Each structure stands twice: as structure tokens, then as C-alpha cells.
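Descriptive analysis of the structure
Each chain, letter by letter, is given below.
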Amino acid sequence: MKQYIRNCITLVFLFLFVTFLGCNNNNRTHNEITAGHWSKVEEILKKIIPPTFPDVDFNVVELGAVNDGITDNLDVIQSAIDNCSEQGGGRVVLPEGDYLVNGPLHLKSNVNLHLEENAVIYFGYNPEDYLPLVEVRWEGTRCLNYSPFIYAYKQKNIAVTGKGTIDGQQNKFWILWKLIQDNDKIRLRTMGKNLVPLEERVFGKGHFLRPTLIEPYDCENVLIEGVTVRNSPFWTIHPVFCTNVIIRGVNIQPGQSNDDGVDPESSSYVLIEDCDFYTEDDNIAIKAGRDNDAWIENGGRPSENIIIRNNRFHRTNAGAISIGSEMSGGVRNVFSENNIMKNVGRPFYIKSNTDRGGVVENIFHRNTKVDTCGEIARIQLDYKGAVAGENPADFRNFFFENIEINFASIGIRSLGLPFKVIENVYFNDITVMELKKPNEIYFTKNLNLTNFQYTHITAYEDEYYEQSTGGEENPNRIYWKDLPEPVQKSFLEVLNQEIEEINNVAKEYKDEVKEAFQANPMINSISVYDETGQKVYRLQKFFGWTKIDTRIAENGSIIENN
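Residues numbered from 1 in each chain as written. Predicted model: local features only at pLDDT ≥ 70, side-chain atom pairs only at ≥ 80, totals over all residues. Heavy atoms only, no water.

1. Overview of a negative patch on the surface
Threshold: Residues forming no salt bridge and having over 30% relative accessible area are the ones grouped into patches, like charges within 9 Å of each other and nonpolar side chains (Val, Leu, Ile, Met, Phe, Trp, Tyr) within 5 Å. Residue burial considers only the protein chains on display, and all accessible areas are found by Shrake-Rupley using a 1.4 Å probe. Any Lys or Arg side-chain nitrogen located within 4 Å of an Asp or Glu carboxyl oxygen qualifies as a salt bridge. Residues scored as charged are limited to Lys and Arg (positive) and Asp and Glu (negative), so that His and the chain ends carry no count. A charge is said to be at NZ when it belongs to Lys, at CZ for Arg, at CG for Asp and at CD for Glu. For helices the rule is a DSSP run of H or I covering at least 4 residues; for strands it is a run of E covering at least 2, with both sets numbered from the N terminus onward. Per-residue accessibility, obtained with a 1.4 Å probe over protein chains only, is compared with the maximum for each type, and a residue is labelled buried under 20%, exposed over 50%, and partly exposed between these values.
There is a patch of like negative charges on the surface, built from Asp68, Glu96, Asp98, Glu116 and Glu117. In this structure, Asp68 sits in strand β2 (residues 68-72). We classify Asp68 as partly exposed; its relative accessible area is 37%.

Written as C-alpha cells, this is what we have:
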């Protein structure tokens, strides 16, 4: 109890002390600094120009597409895109209806893929359909992988527009890959760190790196407007190495975990406005590549001159507007304003670690209304606890002003390192109606809190102890490795049968997944109890399309399978 009280007093004192320091700073200086930078927004907007297209339509139904949700329309739609580009450009129009597309659509220069209201593209989920491999950035590292569902490579003047919907159907098969991707993820990251030539970073068959939904790569003049996107297997909208990008009026629904909404990566002159975000992971995450593979001297590029305005962030368990953690090429000149956030983990999140290198600087947020959040802002140089590297990022010049928050669990967390401090962080005119726990500041130089107001702090002792007892292994939990071999064998038979019954996926891809699950099928729940004198094991595993709930006797016989 005494230690708890001392901790609370220390936190409150730190909060008041830093606030006092901030209140003694010259407010005119803060306003003068930010006014000078905000004046650059109009200059940036002048260089963000939407692409235009000839007034020519290629109606895919008239060209032979069947919008019954059953017939594969890949060849018809791709042919329309190719012909449209070859004839000087225009719109490839999908009228109302359901379009099954078994494979990726590759946009070409001067083509606007236009989905009319109630038009829905359902992308198939047989991995073989997304070959041949294409160049992508996967979690910040370049490689050759399965094609994103809508992809463009070194094209100019491209668009995806309309009131229709793009559905990645991640819950039909791709969801399995999230559970078995770790070996490939580690292999790719090692290749990036060792600067292995791109042509040798070959993934695809036998590997499990999920494709993104929409990824223009090294393109100019990109417009994504009006559509609804949902069920992405991985990051949803991911412009890489692009210039002059507009993402406007898009409704981004949840996908699988890691379903980031909009991730501009190593891209410049980007406008994200009037969008609705509902993702599980970051709504927006500005990125610039991972570790030394993305350093400028190794061919990396920064993300810069990005404007985020008038959006509605409905929900996320992570960050509403994030930067990183893949930011090694550098991120600078980001401006967000006039956004509304409802229930978000962190309204503002800037993250990196000691492997990344690079610089994040000149980040400006203002005029934001937040209903409920976990942390008001987190700025950290120790993302996921990685502090043993030799290349910490430089974080400096972050400005937050006129932020209104109804409820926050935690205040500001600025987490620098003893050997690399965060510099020049300004919070001006911040109003919090209810704050459970105050700010947490470590190794931050020139932190300014000016007019930081809160109604009251409501931290409770039982909550403190409840949140401080985690991290211990549950002695009553049963792990896969501890199960009797007959139980393991029987459950794998049930699991394999469930995978076998997935339609429209080639057998070799099902076999790859089944083999990957042999060592550890990653059961969601295992329990054991006595029933009529024998031990019975209940094993549960959840997928996007089904839930396995099986009771197996110690000798391996299946008592019940739901």
C-alpha cells in the first residue's frame, strides 16, 4: 500500500511539475513556430492534383463479365483495363452486381477502375491465383511475393473510385496464414538486414506472407475515392514509393489482424481526407521501410508532405494516426487537423526501436475531438521492447494543439531512452474531461505542456493491483506440448478435415497449411476435466469461418465434435 501511494504521488508530482514548466514557456513562441509550418499546407496541397481521365467508358458487363458472384471475371476485367490503357485511358466500369475475381487486378496508366453503387468485387482466396510473384514491401522490407489484390507497378494516373465495395474475403482461407507466418517473417527481415539482393528474396509457394488488398507501387498520380473496402488479409490500402496520392471518402471496414487502414509508405504529397475507419489495427500508419534495407543510402525514401484532415476514426485497438514502427527511410512534414475520433487505442502514436535508424520530425496535429481513448499520445523509441540495437531513430519536433478528449485511461507517454532522447515535444491547449492516470515522461528533452487541462484523475487502488499482476504463467493452463499424443493426433485429424473442406483452394496449399500446423496448431483454449472416471480434453480453435469445439478422451477417442 505504501509503495502504491508513493508511486501515485510520484506520478502526480511529475504531471504537475512538467505542466508547471510548460505553463512558463512563452505561448507566442509556440504559436509562431506552428504557424510557420502550417503555412506550408497550402503549398503542399497545390502539388497534390487528382488524375484526370478521358471521357470513355469500358463497361465490363457489355464486354462479357457475369455479375452473379459465381463466375470468375478476372480475365474480362483485366482485359478491359489493358485495352483501356492501350487506347489512351478512361473508366473501366463495373455496374451493380457481384463480381467474383479469382486473382489480382493490375491497374495500368490512365485507367480509373470505377465501381458503381451496389457493385461488389469478391476476390478469390486460392493463393495460386495470385502468382506470378511481384515486387512488394512486406512490413517494410522489399521482396517478391504473391500479388496484392489490386496492384500497379510504375504506372501513372490510376484510380479506384465509385460507391461500390471491394471484399478481400480474408476469413475464407488467408486467416490461416497469420498463424503460421513467423518463420517467413523472420527470414525476410534477416534478408533485409543483410541486404540480400531483391531477386533472391523470393516468397510465394511454400511461404505464408499475406498479400495486401490495394498496393500501388512506385506510381504517380493515384486516386482512391468513394469505395468501401473490407476483409483485407493484411494492410488494406498501401501506397509504396508513390507521389501525388489522394485517398478520399473511403470507408474502411475491418479485416484480419494487421488490417491497417491506410499505410502510405515512402510516399510523398499524400492527402487522406473525409474517410471512415473501423479497423482492428492502426487506422492510418505512415511508414518508410524497415531497418537498414530502407535507409536512404540503401535506396530507401522518406514519407513526407502528408495531410490528414476531416476524417472519422470510429474504432481501433491501436493507433488512429500512427507513424512507424517501420520508418527507417524517414518521416517528416505530416499535418493532421479537424479529425473526429470515437473509440481508439491511441489518437496519436509515434513508434520506433533501436534497429530502425532514420528520423521522424516536424509532425503537427491540431483541432481534434476524441471521445474515448487509452493513451492520449504515445511516443516511444523502444517499440516492442527492442532496445539492444545500435541504430535508434531520431525523434524531434512534434506539435499537438487544440485537442479535446472526453475520457482517457492514460495521459501522454513520451518514452525516450537514456542514450537517445526525444526532443522538442509541444502540447498546447489540451482539454481532458476525465483522466484515469497522468502522464509518463522519460528521457524527453524540451517537453512543453501549455494549458493542459483535465477535470479530475480517477485511479483506483484495485485497478492498479489488477493491472500489475500480469505476465505470470497460469499454472492451471494446459499447453499443446503437454497433451497426450493420442489427443494431439485426434485433434489434428479434426483440424485437417476442417481445412480440407474449404472450397476453391488448391490441395497443395491446404497441405502446406496442415503441415505448418503439425508442430503447434495454436489452440485458443484447452481444458481438462474428469467425466465418468476418465480424463476428457476440450480443445477449441476459432477461424474466421468456423469454430472447432472438440471433446477428446485421453485415449484419443472423440466424444463430441461441434
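2. Considering the sheet that holds strand β30 (residues 534-542)
Rules: At least two DSSP bridges between two strands are required for those strands to pair. Angles here are taken between N-to-C directions and fall from 0 to 180 degrees, while the axes themselves are lines fitted to C-alpha atoms, restricted in helices to the stretch in contact. What makes two residues a contact is simply this: any of their non-hydrogen atoms within 4.5 Å.
Across the sheet, four strands lie side by side as β29-β30-β31-β32; this open sheet has antiparallel pairing. Both outer strands of the open sheet, β29 (525-531) and β32 (558-561), are each paired with one neighbouring strand and no more. For this sheet the average axis-to-axis angle between neighbouring strands, irrespective of direction, equals 20 degrees. Sheet analysis places β30 next to strand β31 (residues 547-553), joined by seven bridges and oriented antiparallel. Bridged to Gln540 within β31 is Asp549. Along the sheet, helix α8 (residues 485-500) makes contact with β30, β31 and β32, crossing β31 at roughly 150 degrees.

3. Comments concerning the environment of Glu273
Structurally, Glu273 can be placed in strand β18 (residues 268-273). Note: C-alpha distance between Glu273 and Arg309 (36 residues apart in sequence) is 5.0 Å. With residues up to four places along the chain from it excluded, the contact list for Glu273 reads Ile247, Arg248, Gly249, Arg309 and Asn311.

4. Here's the deal with unusual backbone geometry
The residue after Leu131, namely Pro132, is reached through a cis peptide bond having omega 5 degrees. Within the secondary structure, Pro132 is located in the loop between β7 (119-123) and β8 (134-138). A cis amide bond, omega 0 degrees, links Gly324 with the succeeding residue Ser325. Position of Ser325 among the secondary structure elements: in the loop between β22 (312-323) and β23 (331-351). In this model, Lys154 sits at a positive phi of 55 degrees, which is unusual for a non-glycine residue.

5. Re the pattern of salt bridges
Two side chains bearing opposite charge may form a pair once their charged atoms approach each other closely. Inspection of every chain in the model, using the stated rule, returns 39 salt bridges. Glu139 serves as the salt-bridge partner of Arg189, at 2.9 Å between the closest nitrogen and oxygen. Within this pair, whereas Arg189 is found in helix α6 (residues 182-193), its partner Glu139 is found in the loop between β8 and β9 (141-145), the two being separated by 50 residues in sequence. Glu139 sits in the buried class, given a relative accessible area of 9%. Notably, a salt bridge pairs Asp394 with Lys420, separated by 2.6 Å at the nearest N-O pair. You can see Asp394 sitting in strand β25 (residues 394-415) and its partner Lys420 sitting in the loop between β25 and β26 (422-437), a full 26 residues away along the chain. Here the salt bridges share partners, and the residues they tie into one network are Lys287, Arg290, Asp291, Glu326 and Arg356.

6. Quick word on the environment of Asn244
Within the secondary structure, Asn244 sits in strand β16 (residues 243-248). On the basis of relative accessible area, Asn244 is assigned to the buried category, the value being 7%. When the C-alpha positions of Asn244 and Ile44 are compared, they lie 10.0 Å apart, and in sequence the two are 200 residues distant. In this view, Asn244 contacts Lys47, Ile48, Ile49, Asn221, Val222, Ser268 and Tyr269; residues no more than four positions away in its chain are not counted.

7. A short note on the pairing of β16
Where strand β14 (residues 220-225) lies against β16, five bridges are found, and the strand directions are parallel. Residue pairing for β16: Val222 is matched across the bridge by Val245. Bridging between β16 and β18 involves five bridges; their strand directions are parallel. The residue bridging Ile247 from the neighbouring strand is Ile272, located in β18.

8. A word on the sheet that holds strand β10 (residues 150-153)
Spatially, the three strands line up as an open sheet ordered β5-β10-β13, and their pairing is parallel. Two strands close off the open sheet at either side, each with one partner strand: β5 (105-106) and β13 (214-217). When β10 meets β13, the two strands line up parallel, connected through four bridges. When the sheet's bridge partners are listed, Tyr151 is paired in β13 with Glu215.

9. Some details on helix α4 (residues 74-86)
Short version of the rule: By this rule, a helix spans an expected 1.5 Å times one less than how many residues it contains. Along the arc lie the directions from the helix axis toward the C-beta atoms.
With 13 residues, α4 ought to run about 18 Å at 1.5 Å a step, and its terminal C-alpha atoms sit 18 Å apart, in line with that. Considered for burial, the residues of α4 that qualify are Leu74, Ile77, Gln78, Ala80, Ile81 and Cys84. Angularly, the buried residues of α4 cover 155 degrees about the axis, an arc narrow enough to put them on a single face. Opposite the buried face of α4, by more than 90 degrees, sit the exposed residues Asp75 and Glu86. Along its buried surface, α4 packs onto β1 (57-59), β2, β3 (90-94), β4 (97-101), β5 and β6 (111-115). Backbone geometry just after α4 places Gly88 at a positive phi near 105 degrees.

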